[in-house]
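So the chains spell out like this:
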Amino acid sequence: MKKGNPIALLPIGVFLVLYLGLGLLFEYGLHIPMGFYNIPIVIAFLVAILVACLQNRAVPFEEKLVIMGQGVGDKNIITMLLIFLTAGVVGRSSAQSVAYFMLDIIPARFAVAVLFVVACFVSTAMGTSVGTITLIMPIALEVAQASGFDTALCTGSVVGGAMFGDNLSFISDTTIAACNGQGCAMKDKFKGNFWIALPAAIATLVLILLLTMGHDTAPIDESYDLVQIIPYVLVLAGGVAGINVFIVLLTGIVSRAVIMLLTGQ
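Residues numbered from 1 in each chain as written. Predicted model: local features only at pLDDT ≥ 70, side-chain atom pairs only at ≥ 80, totals over all residues. Heavy atoms only, no water.

1. Brief notes about the overall build of the protein chain
From N to C terminus, the protein chain includes 12 helices and 0 strands. Secondary structure elements of the protein chain occur, N-terminal to C-terminal, as α-α-α-α-α-α-α-α-α-α-α-α. Across the protein chain, every contact between residues at least 6 apart in sequence was considered, and the portion connecting residues at least 24 apart equals 71%. A total of about 15,200 Å² of accessible surface is found on the protein chain, and carbon and sulfur atoms cover 71% of it. (Helix = DSSP H or I, 4+ residues; strand = E, 2+ residues; numbered from the N terminus. Contact = heavy atoms within 4.5 Å. Areas by Shrake-Rupley, 256 points an atom, 1.4 Å probe, with all protein chains shown as cover.)

What follows is the structure, encoded as structure tokens:
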């Protein structure tokens, strides 16, 4: 059995040190808002690649480029890139419609719990936790201001729901790469993770209800369009049915485009 060489992980270590180091410097040293999102991540990647190219001088530089090209061209890597580019394309209007629809039919005193459930649904349909947080967080702030619920509690509910859905999504780039790498079906992975994530979600929902119990608040009245929810329903249904992920994504994108043309939203 060939013994591994820990030095081979040096480029990854260099990237992490640069990313975390610059992120901490920007965020806490220079006090730049959203410091981690202002990091020149391409430069960190280039430095890590340079370190990789300087390793193992027995291999010619041209051959190293060939090896890197073959690695980038791996099916799992290409799949992750395509999913990353298309995930979350359904849009803000759909997420808002889901949120305001549930806030309309469920009493306002359960608004924080609704935010959690909506974040779970949207992130499962979108395949991205960050995208879900970006879409739902403005609504959470509106709910906090209109209802008097604690802003941190509303924010935490959205983040928790976003993480729940991203872990179960059929169109998450990392999930698909993991399934392809292990040779298992997405449906099997979903079934396995579901029984792990569900108890945590139920416990979180119960805790939210306990923390918001007895809170009186005025109804949250915002307009919504149920037609906007169709792309999310199609993506979820396609994923559960085991349809190819790119067909599922294409269906969501096309349905969203048709809705935009018909409604102008």
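2. A look at the packing of helix 6 (residues 111-126) against helix 10 (residues 186-211)
It is at 9 Å that the axes of helix 6 and helix 10 come closest, and there the two elements cross at 160°. Overall, the two elements helix 6 and helix 10 adopt an arrangement that is roughly antiparallel. In this structure, the crossing between helix 6 and helix 10 has a hand that is right-handed. In this structure, helix 6 uses Val112, Ala113, Phe116 and Val117 to contact helix 10, whose residues at the interface are Ala201, Thr204, Leu205, Ile208 and Leu209. (Axes fitted to C-alpha atoms, helices over the stretch in contact; angles between N-to-C directions. Parallel < 35°, antiparallel > 145°, perpendicular 65-115°, else oblique. Left-handed = near helix turned anticlockwise from the far one by under 90°.)

3. A closer look at a nonpolar patch on the surface
Together, Ile41, Val42, Phe45, Leu46 and Ile49 make up an exposed nonpolar region whose accessible area comes to about 460 Å². Among the secondary structure elements, Phe45 is positioned in helix 2 (residues 41-54). Since its relative accessible area comes to 44%, Phe45 is described here as partly exposed. (Patch = residues over 30% accessible without salt bridge, like charges linked within 9 Å, V, L, I, M, F, W, Y side chains within 5 Å. Salt bridge = Lys/Arg side-chain N within 4 Å of Asp/Glu carboxyl O. Buried < 20%, exposed > 50% of the residue type's maximum accessible area, 1.4 Å probe, protein only.)

From the geometry alone we can't say anything about function, so treat these as descriptive.
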